[in-house]
Amino acid sequence: MFFVLILALAYFLYGILEYRFHLRNLQAVPIRVHVNGTRGKSSVTRLIAAGLRAGGIRTSAKTTGSAARYIHPDGTEEPVSRPGPPNIREQIGVVHRAAREGSRALVIECMALQPALQFMSERRIVKAAVGVITNARPDHLDVMGPTVDDVAAALAGTVPKGTAFYTAEHERNAPMREAAEELGSEYHEIHEKDYPADIAHGFDYVEHRENIALALAVCEKLGVARNVALEGMRTAQPDIGALTIQRVEIEGRTIEFVNAFATIGLDGTLAWSRRSTDARGLDLMVRRPDGSTWTIESKFDRSWVDPVIAPDGRTIFAMRKGDGTVELGWSRLTEKTRFEHGMQTIPISIRTNDRLVHSMLAPQTGAEASPPGGPPRIIFLHPDLGRMIEWS
């Protein structure tokens, strides 16, 4: 028993010393930006860090995203090694690393899901000079739910105390605004319409204008001019999961290859194409926010490709190709049986090929393929007519 008490006391003292050392590291990195939210956290983290670097502020960053990465002040990056499951104590080491590298700024993505851990991440670990919440969407409802309003309230746990807070959330921002007022932080709500559309031009990948506007607002708050920050953002390396477009010249024509074999809806529904090693066709897969997986299997060696989820979250479109033909398919996402057995198709062309099929959605990106407003619809380039077609 005495030995156990000694160990407990030693562990307690170690915790005190570790935290005092951490507080010293926080003082060494005075500009700390804590980025939270449902969508776009990794992108906004990278954008802010790139903008600050362009403004001459020595900046480190850490993202989770498609793969956890630590970004050095020179913009190079490396994977974050983890001996076990992810743990928010990892952020303490990130702060120490940024201090050791002499960084004045650290842009760090929140990695906590549990509401109590999100609160702890901000109040005890990061203590941000600027807090950021990108948006609040229906995701991780098993942890932060059961409703989207609960998600917004959980995210508001990372609003900083007595500094500044920025968000691009407009519908469920009440918990964030209330937290900022209670904690004495400046509240800033960013609208992409207040920024010119061309801020999204010049990137080597598809970046959302809302993310760029939010990142620019933070950089301007920290003293970096908008044009300087934007130029830095355009040259920064994107997250490995970013939507990219590659252009190649074939037979005198420019063909765009869009790396978007998966799509995600506003409610967290994920749709993608999958083929087993012993099959020739691609199945259409859907994973719902509750974790259930729905499947429409390939038939007659024909493949389901390029799924698009409509803004209503209740309709999905996809192309079915094979033997020189392509069809447009659509189904409902209201229930599994209706999705798997209610897929309807219309023929588009009987003289096409894989290259033409995948170029049908190349001229538009993101919500442009299925614009909001009105009934669910899909806009695509008709491979035979050579012009854009809208179908609803």
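Refer to the preceding data block for the structure.
As a starting point, this report considers the structure included with it. Throughout, residues of each chain are indexed from 1 in the direction in which the sequence is written. Totals for whole chains, interfaces and linings use all residues, but because this is a predicted model, local features are given only for residues with pLDDT of at least 70 and pairs of side-chain atoms are given and counted only at 80 or more. Side-chain metrics in this entry use all non-hydrogen atoms of the structure; hydrogen atoms and water are not considered.

### Considering the overall build of the protein chain
A count of helical and extended segments in the protein chain gives 11 helices and 21 strands. Accessible area is worked out with a 1.4 Å probe on protein chains only. A residue is then buried under 20% of its type maximum, exposed over 50%, and partly exposed in between. Burial statistics for the protein chain: of 392 residues in total, 47% are counted as buried. Of the contacts made within the protein chain by residues no fewer than 6 positions apart, 53% connect residues no fewer than 24 positions apart. Each accessible area value is a Shrake-Rupley result obtained with a 1.4 Å probe; residue values ignore everything except the protein chains displayed when judging cover. A total of about 19,500 Å² of accessible surface is found on the protein chain, and carbon and sulfur atoms cover 53% of it. Working definition: helices are DSSP H or I runs of at least four residues, strands are E runs of at least two. Numbering for both runs from the N terminus. The contact criterion used throughout is that any non-hydrogen atoms of two residues lie within 4.5 Å.

### What to know about the pattern of salt bridges
By definition here, a salt bridge exists when the distance from a side-chain nitrogen of Lys or Arg to a carboxyl oxygen of Asp or Glu is within 4 Å. Within this structure, the stated rule accounts for 14 salt bridges. One salt bridge in this structure joins D149 and R172, with 3.7 Å as the shortest N-O distance. Residue D149 is located in helix α6 (residues 148-155), and its partner R172 is located in the loop between β7 (164-167) and α7 (174-183); the two are separated by 23 residues in the primary sequence. What makes R172 partly exposed here is its relative accessible area of 26%.

### Some points on the sheet that holds strand β3 (residues 69-71)
Only strands joined by at least two bridges in the DSSP assignment are considered to pair. The strand order across the open sheet built from 8 strands is β4-β3-β2-β5-β1-β6-β7-β8, with neighbouring strands paired in mixed fashion. Of all strands in the sheet, those with a lone pairing partner are β4 (77-79) and β8 (186-189), marking the two edges. On average, each strand axis in the sheet is inclined to that of its neighbour by 15°, with strand direction left out of account. Of the strand pairs in this sheet, strand β6 (residues 130-133) and β7 are connected by 4 bridges, and their pairing is parallel. Paired with G131 across the strands is F165, a residue of β7. The axes are straight lines fitted to the C-alpha atoms, using for helices just the contacting stretch, and the angles between their N-to-C directions are given from 0 to 180°. Sheet strands touched by helix α4 (residues 115-126): β1 (31-36) and β5 (105-109). Its angle to β1, the strand with the most contacts, is close to 175°.

### Examining the packing of aromatic side chains
Only rings of Phe, Tyr and Trp enter the pairing, Trp through its six-membered ring, and a pair is recorded when the two centres are within 6.5 Å. The plane angle decides the type: under 30 degrees is stacked, over 60 is edge-to-face, the rest tilted. Considering all chains together, one arrives at 4 aromatic pairs under this definition. Residues F165 and Y187 carry aromatic rings whose centres are separated by 5.9 Å and whose planes lie at 35° to one another, so their mutual orientation is tilted. One end of the pair, F165, is in strand β7; the other, Y187, is in strand β8, with 22 residues separating them in the sequence. With a centroid separation of 4.4 Å and an interplanar angle of 45°, the aromatic rings of W330 and W391 are classed as tilted.

### Quick word on the side chain of K321
Here K321 lies in strand β17 (residues 315-322). The class of K321 is buried, set by a relative accessible area of 12%. Setting aside chain neighbours within four positions, we find K321 in contact with R302, S303, V305, V326, D354, V357 and H358.

### Topic: the packing of helix α2 (residues 41-54) against helix α9 (residues 226-234)
Running from amino to carboxyl end, α2 crosses α9 at an angle of 120°, the nearest separation of the two axes being 7 Å. The angle between the axes of α2 and α9 places the two elements in the oblique class. Of the two possible hands of crossing, α2 and α9 adopt the one that is right-handed. Residues L47, A50, G51 and A54 of α2 lie in contact with α9, whose contacting residues are V228, A229, G232 and M233. Relative orientations are named as follows: roughly parallel for angles under 35 degrees, roughly antiparallel for angles over 145 degrees, roughly perpendicular for angles from 65 to 115 degrees, and oblique for any other angle. By the definition used in this description, the sense in which the near helix is turned from the far one sets the handedness, with an anticlockwise turn below a right angle giving left-handed and a clockwise turn giving right-handed.

### Re the environment of R104
With respect to the element layout, R104 can be found in the loop between α3 (90-100) and β5. Judged by relative accessible area, which is 44%, R104 ranks as partly exposed. In this structure, the C-alpha to C-alpha distance between R104 and T59, residues 45 residues apart in sequence, is 6.1 Å. Other than its neighbours up to four places away in sequence, R104 contacts V29, P30, I31, I57 and R58.

### Observations concerning the environment of S331
Residue position: S331 is located in strand β18 (residues 325-332). Remark: the alpha-carbon pair of S331 and A318, spanning 13 residues in sequence, is separated by 8.9 Å. Ignoring any residue separated from it by four or fewer positions in sequence, one finds S331 in contact with R314, T315, I316, R338, F339, G342 and M343. Among the polar contacts listed, one links the side chain of S331 to the backbone oxygen of F339, at a separation of 3.1 Å. Here a polar contact is taken to be a pair of N or O atoms separated by no more than 3.5 Å, where protein atoms must pair a possible hydrogen donor with a possible acceptor and residues adjacent in sequence count only if both atoms sit in side chains.

### Notes on the nonpolar core
In this structure, I48, V132 and M233 are the most contacted members of the largest nonpolar core, which totals 35 residues. Of all the secondary-structure elements, those providing two or more residues to this core are β1, α2, β5, β6, β7, α8 (209-221) and α9. Within this scheme, the nonpolar core is defined by two criteria: the residues are buried Ala, Val, Leu, Ile, Met, Phe, Trp, Tyr or Cys, and they are joined through side-chain atoms within 4.5 Å. If you look at the next biggest cluster of nonpolar residues, it comprises 17 residues, including L26, I92, V94 and I108.

### Observations regarding the packing of α2 against α8
One way to put it is that α2 packs onto α8 with a least axis distance of 9 Å and a crossing angle of 40°. Relative to α8, α2 is oriented oblique. Both α2 and α8 take part in a crossing whose hand is right-handed. Residues S43, V44, L47, I48, G51 and L52 of α2 lie in contact with α8, whose contacting residues are N211, I212, L214, A215, V218 and C219. Under the scheme applied, nonpolar residues are Ala, Val, Leu, Ile, Met, Phe, Trp, Tyr, Cys and Pro; charged residues are Asp, Glu, Lys and Arg; polar residues are all the others, including Gly. A breakdown of the residues in the contact of α2 with α8 according to their chemical character gives 9 nonpolar, 3 polar and no charged.

### A few points about α9
Along α9, the residues that are buried comprise A229, L230, G232 and M233. The buried residues of α9 occupy an angular sector of 160° when the element is viewed end-on, so they sit on one face. Residues of α9 that are buried sit in contact with α2 and α8. The directions from the helix axis to the C-beta atoms are what the arc is built from.

### What about unusual backbone geometry?
Put simply, G145 and P146 share a cis peptide bond, and its omega is 20°. Examined against the element boundaries, P146 turns out to sit in the loop between α5 (141-144) and α6. Located in the positive-phi region is K127, a residue other than glycine, with phi close to 50°. Within the element layout of this structure, K127 appears in the loop between α4 and β6. With phi around 50°, D306 is a residue other than glycine that occupies positive phi space. Following the sequence through the fold, D306 ends up in strand β16 (residues 303-309).

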